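Chains, contacts and geometry: an overview
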Amino acid sequence: MIEAEDVGGVHIKYLYHCRRQLWLYARGIRPEHLNAAVQLGEAIHDTSYTRTSPVDLGAARLDHIDGRHWVHEVKSSTRTSDADRAQVIHYCYRLHDVGIPAEGGILHYPKTRRTTTIRYDEQAATQAVADIAATLHVVAAPDSPSRLARTACRGCSFLDYCWSD
């Protein structure tokens, strides 16, 4: 299975959104390319902030880091979620791991033209370590976690997998 250094931003996002989704993703089940919401998110990402370059950290790929060491992430949703916060904190943690002192993250929501700023501090670093441990725990389980209530699955690319008989 995966090691701590293999945990990326998508793993963390799924940890907060749906642990079953995380478990399936870690096993290579990835229907995202078939999902309209994912395709919309990719289109928004590809057409917003086009003068920036993504940063590849191996397991983690963040949208952009500026000259002041702030991580920038473009989101297709309209408001900040715990998953968004955890993902940008994870990227800051990964940057610190490779010697780049990330100050925090700025989440960009082009649909609403809003941003959310998250500072990276000792508490955030502790949370990042706990999130990695929780991810590894979920992924190591022999059976998939229970599915969420169907209402929580609206727009999820794993909907058919989880809810077909």
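Residues numbered from 1 in each chain as written. Predicted model: local features only at pLDDT ≥ 70, side-chain atom pairs only at ≥ 80, totals over all residues. Heavy atoms only, no water.

**Some details on the packing of aromatic side chains**
- As enumerated under the stated definition, the model contains two aromatic pairs in all.
- Their ring planes at 85° and their centres at 6.2 Å tell us that Y14 and F158 sit as a pair that is edge-to-face. One end of the pair, Y14, is in helix α1 (residues 9–17); the other, F158, is in the loop between α5 (122–140) and α6 (159–163), with 144 residues separating them in the sequence. Judged on exposure class, the residue Y14 and its partner F158 are both buried.
- Feature note: the residues Y14, Y25 and F158 constitute an aromatic cluster, connected by ring pairs. (Phe/Tyr/Trp six-rings, centres within 6.5 Å; stacked < 30°, edge-to-face > 60°. Helix = DSSP H or I, 4+ residues; strand = E, 2+ residues; numbered from the N terminus. Buried < 20%, exposed > 50% of the residue type's maximum accessible area, 1.4 Å probe, protein only.)

**Some details on the nonpolar core**
- Ranked by internal contacts, the top residues of the largest apolar core, which has 33 residues, are L22, V71, I89, Y120 and F158.
- Only α1, α2 (19–26), α4 (82–97), β5 (104–109) and α5 provide two or more residues apiece to this core.
- When residues of this core are assigned to their parent elements, the largest contribution, seven residues, is made by α4.
- Setting aside residues no more than four positions away along its own chain, I89 makes contact with I118, Y120, A124 and A128. (Core = buried A, V, L, I, M, F, W, Y, C linked by side-chain atoms within 4.5 Å. Contact = heavy atoms within 4.5 Å.)

**Examining the sheet that holds strand β4 (residues 70–74)**
- Overall, mixed pairing links the four strands, which are arranged β3-β4-β5-β6 in an open sheet. The two strands at the open ends of the sheet, each matched to only one other strand, are β3 (64–65) and β6 (114–119).
- Sheet topology note: the β3/β4 ladder contains two bridges and is antiparallel. Bridge pairing in β4 links I65 to V71. (Pairing = 2+ DSSP bridges.)

**Some details on the pattern of salt bridges**
- Counted according to the given criterion, the structure contains five salt bridges.
- R94 is paired through a salt bridge with D97; the nearest N and O atoms lie 3.6 Å apart. On the criterion of helical spacing, the pair formed by R94 and D97 is a turn pair, its members being three residues apart in helix α4. (Salt bridge = Lys/Arg side-chain N within 4 Å of Asp/Glu carboxyl O.)

**Remarks on the packing of α1 against α5**
- Packing of α1 against α5 leaves a shortest axis separation of 10 Å and a crossing angle of 80°. As the angle between them shows, α1 and α5 are arranged roughly perpendicular. Note on element contacts: α5 touches α1 through Q127, D131, I132, A134, T135 and V138, opposite H11, I12, L15 and Y16.
- Here the residues of the contact of α1 with α5 sort into six nonpolar, three polar and one charged. (Axes fitted to C-alpha atoms, helices over the stretch in contact; angles between N-to-C directions. Parallel < 35°, antiparallel > 145°, perpendicular 65-115°, else oblique. Nonpolar A, V, L, I, M, F, W, Y, C, P; charged D, E, K, R; others polar.)

**Regarding the state of the cysteines**
- Overall, the coordinates contain zero disulfides when judged by the stated rule.
- Free cysteine C156: the closest other cysteine sulfur is in C153, separated by 5.9 Å.
- With no disulfide of its own, C162 lies closest to C18 among cysteine sulfurs, the gap being 6.0 Å. (Disulfide = S-S within 2.5 Å.)

**Some thoughts on the pairing of β6**
- Bridge analysis of β5 against β6 gives six bridges, and the strand direction is antiparallel. Across the sheet, the residue bridging to Y109 is R114, located in β6.
- The antiparallel hairpin formed by β5 and β6 contains four residues in its connecting segment, where R113 sits at a positive phi of about 55°.

Scope: geometric values only; no functional claims are made or implied.
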